[in-house]
Each structure stands twice: as structure tokens, then as C-alpha cells.
Amino acid sequence: MNAHQAIAAEPLLKLTGISKRFGHQDVLKDVTLDVEAGSFTCLVGPSGCGKTTLLRVLCGLETTEQGAILCGGRDITFSSAASRNMGLVFQSYALFPNLTVARNIAYGLPRGWSRRQIQDRVDALLDTVGLAGFAKRKPEELSGGQQQRVAIARALAPEPSVLLLDEPLSALDAQLRVQLRSELKSLQQRLGVTTVMVTHDQSEALAVADRIALMEQGRIVQAGSPFELYCHPKSRFVANFLGRMNFLAAKVLAAGVVQLASGFSFPADTGPILPGVDIDLGIRPEDVALAEDGAGVALTLRVQRREFLGSTMRLEAVEPQSGAMLALDLPQRLGRSHIEGAELQIFLPASRLHIFPAGAR
Ligand SMILES: Nc1ncnc2c1ncn2[C@@H]1O[C@H](COP(=O)(O)OP(=O)(O)OP(=O)(O)O)[C@@H](O)[C@H]1O
């Protein structure tokens, strides 16, 4: 690697050891996060885990008691919000109701621009967010999705170094949310603007993010690509937050072999875990396979419920001995043939299994 490459590889934002207290509550605990230039990062996690607080610390609306924030190599930990050049979009569009769309967007521009410059910039931004022709409307004459596009255009107006979005789509109905999230992603890619978005919606994060930072009680518990978090979750909490995972009590019988509580044993990658250690085996509903002709049966289940998911059918089935519930996603045609009450023999492919310490979160 030459010196130029080394510089290019430096993240745009570097948060190190960020902590924040409100009263006696530690809301952020030693948060460390790198954000690459031009990337789309999502902060996700359950309600109250500290996502919004982290975003507010990042843009300077909250101070941090410990830690440092670097932006482009510059220490901005104690810089004012105004000097950080970060564009902000909130869940509530926060548009000025008495100003036209054009004037709402122009509000985000630096002082001292000529009328012509302002108009050109506003027109370009309206074009960018797909609202050409809406300049003279008032916010009340726009749909929720259109208002949020204006809010995004206003945040982009001063060409911020970072765009920060706090649940920008959560006030919209489900269909519009999905449409706007893909518009947002393609806009972000086209402009190449470094973006950090808070969302509690895991499917939204999986769909748009280059990188997801999953938070739990003020800490980042895992950060990585959507693929890494979904396919290689470090804990049961991560596995359960992004998608769904079934868990089965088991133990390591010997290196490369696990045994279920039912007594059935089969191969799995046990890594460095010693024989005799209790584990939880995880498998995603789409990875549970039906045992063909009775070969490699790990468990016999009884179907309790079927859920129509469109292209797939989700079966909720119980293991009668232990009472463990498992979900399986089968192609629609296959799923339809397994009715409530019927027995089902399943096979657990070794390459699809996840191993977690027994009882850990
Ligand atoms: N200004 C404040 N004063 C006191 N406590 C606060 C303040 N802001 C946030 N908190 C507390 O800090 C914790 C984290 O809040 P935060 O809004 O960052 O969570 P979040 O992950 O964004 O949640 P949600 O998804 O529900 O918006 C919560 O327990 C909240 O009550």
C-alpha cells in the first residue's frame, strides 16, 4: 500500500470511546465507530438503546463526557453544531409551514448567495429529489413522502460533509417507506454523500446500509456489512434483532459433533469449544431443510401454525419432547402441503448452523 492509498483508506468519521450520561443513566458507553467516506451507515437497535443520542452527539447537539470525534482528520469533539457542516433530517419533516418549498430549501443555503445562484441550486435540488415543478407549493399541499423529500433537499443544500437522518421514513405508510428508502439509497449513491441513518427497522437497515452498527443499551454490539451481521451474528441478540433465528439446546459431544437434547447427534463446526460444553444451536427459518426420505433426520416436529408470507410459507412447528418451537420458511408450493397437526421431519445442514454459548443473550 502506498501513502496515497493509506490516506484514502482513513475513515471520514472516527468516533472513539464516546460516553454520555443523562442524570444517573449511562446512555452511551464507550462507543467506537468508523464511518467510511461515501458510505451509508445505519445505527439500529431497540427503542431507548441510544441511537438518537449518538446521532446528536455526532452533529454537536449533545456534548460527550468522554471520547473523541474526528471528521476528515479534524478533531470536532468540542466544535459547535453549526461549524460541523452536517445536514440533518428528522422523522417530523420540520418544514416551515408558511414558506414555499423553494424557500424552505433555500433556508439551508449559506448567506450571501445571489438570487440567481439560489434559484439554480434550489431547482437542481428539486430535480435531485424528484420534485421539479413543486417550488411554489406550501408544505401543507404536499404528501408526507414529498415533505420528507423537501426536508432531504434542504439538508443537502449546503453540500454537507455528512448527512444525518433520524428515522426519516417512520412517519410514512409501509408502501411509501419501501419506495422512499430505495430512492434515498440511490440518491445517496448518486451524490456519494456520507450518510448515517438511525432506524429501528431492521429490514430498512438491511436494504439500504453498506454498514450496520447494532446497538444495545448504549453499546455497539456488532458493526459490519448487512451480510456479516445477518450471516455471522456474534450473539443471540444480534441474530434475533436482524431477522429471526431458531435456537435449540445442545452440547458439544466431540470436536465437530453436536448433540441435541433429544439425543440426536450430527456434524457441526464446533470451533474451539470443548466436548461436554452446553451450547445453543441457531438456525434461520429459511435454512431448516426437510429430511428427504427420512435421511439425516435431526428432529421430528408437529406443525402448529402456518403463515402465508407471499412467496414463502412460514411453518411454526413444535418439538413434542422438549416443547421447543421452530420456524421454517418453505417455498409456497411445498409449504402448502404441510397442514396443521401434521408431522414433519427436518434436517439441519451443518454449514447453516450457528453456535452460541448456552443461555447467553
Ligand atoms: N435529554 C434527555 N434527558 C434525559 N434522558 C434522555 C434524554 N434524551 C434521551 N434520554 C434517555 O436516553 C436513552 C436513549 O435515548 P435515545 O433517544 O438515544 O434512544 P433511541 O435508541 O434513539 O430510542 P428510540 O428508537 O425509541 O428513538 C433513553 O432511555 C432516553 O429516555
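Residues numbered from 1 in each chain as written. Predicted model: local features only at pLDDT ≥ 70, side-chain atom pairs only at ≥ 80, totals over all residues.

- By the naming in an unreviewed UniProt entry, the chain goes by Iron(III) transport system ATP-binding protein and is assigned to Rhizomicrobium palustre.

Points about the overall build of the chain
So, step 1. Along the backbone of the chain there are 10 helices and 20 strands.
So, step 2. Each of the three principal axes of the chain carries a C-alpha extent, and together these read 75 × 45 × 45 Å.
So, step 3. Counting all 361 residues of the chain, 34% fall into the buried class.
So, step 4. For the chain, the share of sequence-separated contacts (at least 6 apart) that also reach a separation of at least 24 residues comes to 64%. (Helix = DSSP H or I, 4+ residues; strand = E, 2+ residues; numbered from the N terminus. Buried ≥ 20, exposed ≤ 12 C-beta atoms within 10 Å, placed from the backbone. Contact = placed C-beta atoms within 7 Å.)

Overview of unusual backbone geometry
So, step 1. Of note, Asp-30 is a non-glycine position whose phi angle comes to about 55°, a positive value.
So, step 2. Tracing the backbone through its elements, the reader meets Asp-30 in strand S2 (residues 25-35).
So, step 3. Positive phi, close to 50°, is recorded for Glu-159, a residue that is not glycine.
So, step 4. Following the sequence through the fold, Glu-159 ends up in the loop between helix H5 (144-156) and strand S7 (162-166).

Some remarks on H5
Spacing of three or four residues puts side chains on the same side of an α-helix, whose turn is 3.6 residues.
So, step 1. Taking 1.5 Å of rise per residue, the 13 residues of H5 would be expected to cover 18 Å, and the 18 Å separating its terminal C-alpha atoms lies within 8% of that figure.
So, step 2. Most of H5 is tucked away: 11 of the 13 residues are buried. (Expected span 1.5 Å × (residues − 1).)

Re the site of the ligand
So, step 1. Neighbouring the ligand are Phe-22, Val-27, Gly-45, Ser-47, Gly-48, Cys-49, Gly-50, Lys-51, Thr-52, Thr-53 and His-200.
So, step 2. When residues in the shell around the ligand are grouped by element, the largest group, three residues, is from helix H2 (residues 51-59).
So, step 3. Classifying every residue of the shell around the ligand by side-chain character gives three nonpolar, seven polar and one charged. (Near = placed C-beta within 6 Å. Nonpolar A, V, L, I, M, F, W, Y, C, P; charged D, E, K, R; others polar.)

Digging into the pairing of strand S11 (residues 246-254)
So, step 1. Two strands pair when backbone bridges link them, and S11 and strand S14 (residues 278-283) are joined in this way by six bridges, in the antiparallel orientation. Following the sheet pairing, Asn-246 is matched in S14 by Ile-283.
So, step 2. In this sheet, strand S12 (residues 257-260) lies alongside S11 in antiparallel orientation, the contact comprising four bridges. Bridge pairing links Ala-250 to Leu-260 in S12.
So, step 3. As consecutive antiparallel partners, S11 and S12 are separated by two residues, and within that stretch Gly-256 has a phi angle of approximately 80°, a positive value. (Pairing = 2+ DSSP bridges.)

Focus: the sheet that holds strand S10 (residues 219-224)
So, step 1. Spatially, S6-S7-S8-S3-S9-S10 is the arrangement adopted by the six strands of the open sheet, whose pairing is mixed. Only two strands of the sheet have a single partner each, and these edge strands are strand S6 (86-89) and S10. The sheet shows a mean angle of 15° between the axes of neighbouring strands, taken without regard to direction.
So, step 2. Across five bridges, the pairing between strand S9 (residues 211-216) and S10 is antiparallel. Within the sheet, the bridge partner assigned to Ala-213 lies in S10 and is Ala-223. (Axes fitted to C-alpha atoms, helices over the stretch in contact; angles between N-to-C directions.)

A few points about the domain arrangement of the chain
So, step 1. The domain architecture assigned to the chain consists of domain 1 (11-240) and domain 2 (247-357).
So, step 2. The centre of domain 1, based on its C-alpha atoms, is set 39 Å off from the matching centre of domain 2.
So, step 3. Tallied by class, residues from the side of domain 1 that touches domain 2 come to two nonpolar, one polar and one charged. (Domains from an automatic or database assignment.)

Quick look at the environment of Phe-266
So, step 1. Structurally, Phe-266 can be placed in strand S13 (residues 265-267).
So, step 2. Considering only alpha carbons, one finds Phe-266 and Thr-300, 34 residues apart in sequence, at a separation of 15 Å.

Let's talk about the confidence of the model for the chain
Predicted coordinates in regions of low pLDDT should not be interpreted in detail.
So, step 1. Chain-level pLDDT for the chain is 90 on average; 96% of the residues reach the 70-or-more range.
So, step 2. Mean pLDDT across the secondary structure elements of the chain bottoms out at helix H1 (residues 3-8), with 47, and peaks at strand S3 (residues 40-44), with 98.
So, step 3. Long-range and interchain partners of residues 1-7, a stretch whose pLDDT sits below 50, account for one contact in this model, where long-range means more than four residues apart.
So, step 4. Two numbers describe this predicted complex: its pTM, 0.89, and its ipTM, 0.97. (pLDDT = per-residue confidence, 0-100.)

Some words on H2
So, step 1. Burial within H2 is extensive, with eight of its nine residues counted as buried.
So, step 2. Of all the residues in H2, the buried ones are Lys-51, Thr-53, Leu-54, Leu-55, Arg-56, Val-57, Leu-58 and Cys-59.
So, step 3. After H2 finishes, the residue Gly-60 shows a positive phi value of roughly 95°.

A closer look at the pairing of S14
Regular strands have side chains that alternate between both faces of the sheet.
So, step 1. Side chains Ile-279, Leu-281 and Ile-283 of S14 all project onto a buried face; the interleaved residues Asp-278, Asp-280 and Gly-282 project onto a face where none is buried.
So, step 2. Examined bridge by bridge, S14 and strand S20 (residues 354-357) share four bridges and lie antiparallel to one another. Considered in S20, the bridge of Gly-282 is made with His-354.

Points about the nonpolar core
So, step 1. Formed by 88 residues in total, the largest nonpolar core has its most connected members in Leu-43, Ile-105, Ala-153, Leu-164 and Leu-214.
So, step 2. Take this core: its biggest share by element is six residues, from H5.
So, step 3. Apart from residues no more than four positions distant in its own chain, Leu-164 is found in contact with Leu-55, Leu-58, Cys-59, Met-86, Gly-87, Leu-88 and Val-196. (Core = buried A, V, L, I, M, F, W, Y, C linked by C-beta atoms within 7 Å.)

Considerations on the environment of Ser-203
So, step 1. Looking at where Ser-203 falls in the secondary structure, it is placed in helix H7 (residues 202-208).
So, step 2. Put simply, Ser-203 and Leu-242 are 39 residues apart on the chain and 7.6 Å apart in space, counted from C-alpha to C-alpha.

Considering the sheet that holds S14
So, step 1. What the five strands build is an open sheet, ordered S13-S12-S11-S14-S20; its pairing is antiparallel. The sheet terminates laterally at S13 and S20, the two strands that pair on one side only. The mean angle between the axes of side-by-side strands here comes to 45°, regardless of whether they run parallel or antiparallel.
So, step 2. As paired strands, S12 and S13 are joined by three bridges and run antiparallel to one another. The partner of Gln-259 across the bridge, within S13, is Ser-265.

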